[in-house]
Amino acid sequence: MGAATLLGLTGGIGSGKSTVAQMLAVQGAAIIDADAISRATTAAGGAALPTIAQQFGAHLIAPDGALDRTAMRALVFDDADARQRLEAIIHPLVAQETDRQARLALDAGRRLLVFDVPLLVESGARWRAKVDRVLVIDCDSATQIDRVMARNALPRDQVEQIVAAQASRAQRLAAADLVIFNGAGVTQDALRAQAARLAQTFGL
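Draft legend 1. Local environment of the pairing of strand E1 (residues 5–11). Burial of E1 is extensive: 7 of the 7 residues sit out of reach of the surface. Neither face of E1 is left uncovered, since the one carrying Thr 5, Leu 7, Leu 9 and Gly 11 and the one carrying Leu 6, Gly 8 and Thr 10 both have all their residues buried. Sheet topology places E1 next to strand E3 (residues 112–116); 5 bridges connect them, and they run parallel. Across the sheet, Leu 6 pairs through a bridge with Leu 113, a residue of E3. Judged from the 5 bridges that link them, E1 and strand E4 (residues 133–138) form a sheet pairing that is parallel. Note that in E4 the partner of Thr 10 across the bridge is Val 136.

Draft legend 2. Here's a closer look at the nonpolar core. Ile 52, Phe 56, Met 72, Leu 86, Leu 113 and Phe 115 are the most contacted members of the largest nonpolar core, which totals 30 residues. For this core, the secondary-structure elements that each account for two or more residues are strand E2 (30–33), helix H2 (34–41), helix H3 (49–56), helix H4 (69–77), helix H5 (80–107), E3 and E4. In contact with Leu 86, other than residues within four places in its own chain, are Ile 52, Phe 56, Met 72 and Val 76. By size, the runner-up hydrophobic cluster in this structure holds 18 residues, among which are Val 20, Ala 29, Ile 137 and Leu 198.

Draft legend 3. Quick peek at the packing of aromatic side chains. Per the counting criterion, the structure on display carries 1 aromatic pair. With 5.9 Å between their ring centres and 55° between their planes, Phe 115 and Trp 127 make a pair best called tilted. One end of the pair, Phe 115, is in strand E3; the other, Trp 127, is in helix H6 (residues 125–128), and 12 residues separate them in sequence. We classify Phe 115 as buried; its relative accessible area is 5%. The buried category is assigned to Trp 127, whose relative accessible area is 4%. Here the guanidinium or amino end of Arg 85 rests over the ring plane of Phe 56, the centre of that ring lying 4.4 Å away. When the ring centre of Trp 127 is taken as origin, the NZ or CZ atom of Lys 130, which lies over that ring, is 5.6 Å away.

Draft legend 4. Spatial organisation of the sheet that holds E3. Taking strand neighbours across the sheet as the criterion, the 5 strands line up as E2-E3-E1-E4-E5 in an open arrangement whose pairing is parallel. Two strands in the sheet have a free side with no partner beyond their single neighbour: E2 and strand E5 (178–181). Strand-to-strand twist across the sheet, computed as the mean angle between neighbouring axes with direction ignored, equals 25°. The strands that helix H10 (residues 188–201) touches are E1, E4 and E5; relative to E5, the one it contacts most, it runs at about 160°.

The rules behind the values
Residues numbered from 1 in each chain as written. Predicted model: local features only at pLDDT ≥ 70, side-chain atom pairs only at ≥ 80, totals over all residues. Heavy atoms only, no water. Buried < 20%, exposed > 50% of the residue type's maximum accessible area, 1.4 Å probe, protein only. Helix = DSSP H or I, 4+ residues; strand = E, 2+ residues; numbered from the N terminus. Pairing = 2+ DSSP bridges. Core = buried A, V, L, I, M, F, W, Y, C linked by side-chain atoms within 4.5 Å. Contact = heavy atoms within 4.5 Å. Phe/Tyr/Trp six-rings, centres within 6.5 Å; stacked < 30°, edge-to-face > 60°. Lys NZ or Arg CZ within 6 Å of the ring centre and 35° of its normal. Axes fitted to C-alpha atoms, helices over the stretch in contact; angles between N-to-C directions.

In structure tokens, the structure reads:
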């Protein structure tokens, strides 16, 4: 791997994780977005779709050729077995593509590879073993909820349920090697300065 650092980036919904990823990209980091890769596997023509149709039924493929996310979400919400079967299809495909993108970035001489993984802490050792260090974007839950309500036009109780279903703030901080705080009162300029200082520590 040479002198490159593999950095896992995570944070709760509304924490500003994607914003920090973009700021690090501006500083020269290679961003590998695990969530985007996962979504691509179930988009029209996605690599996961034939197996999903075989195991769960063709009715879960929408008319546009993509996974019917609403129907699949309803199916796996209360069925742990179905959720595990779905993950067993998607996770290996995501791992293959993240590895491919990482190799390309390393071959291009990138010094910092940032793996943007929303559920890094929730995934346990699976993602932790892939990265050298974990960066957590820390945020108070009240600010998270306000941001998501404003961004997604969702009711407060629904956003509170999403936040509650994710790893807790304490669990994320316990898993962190590095922390950037992006809670109440932090401006975009202050966040950008934190990202720039972090990038400098990795030689960018």
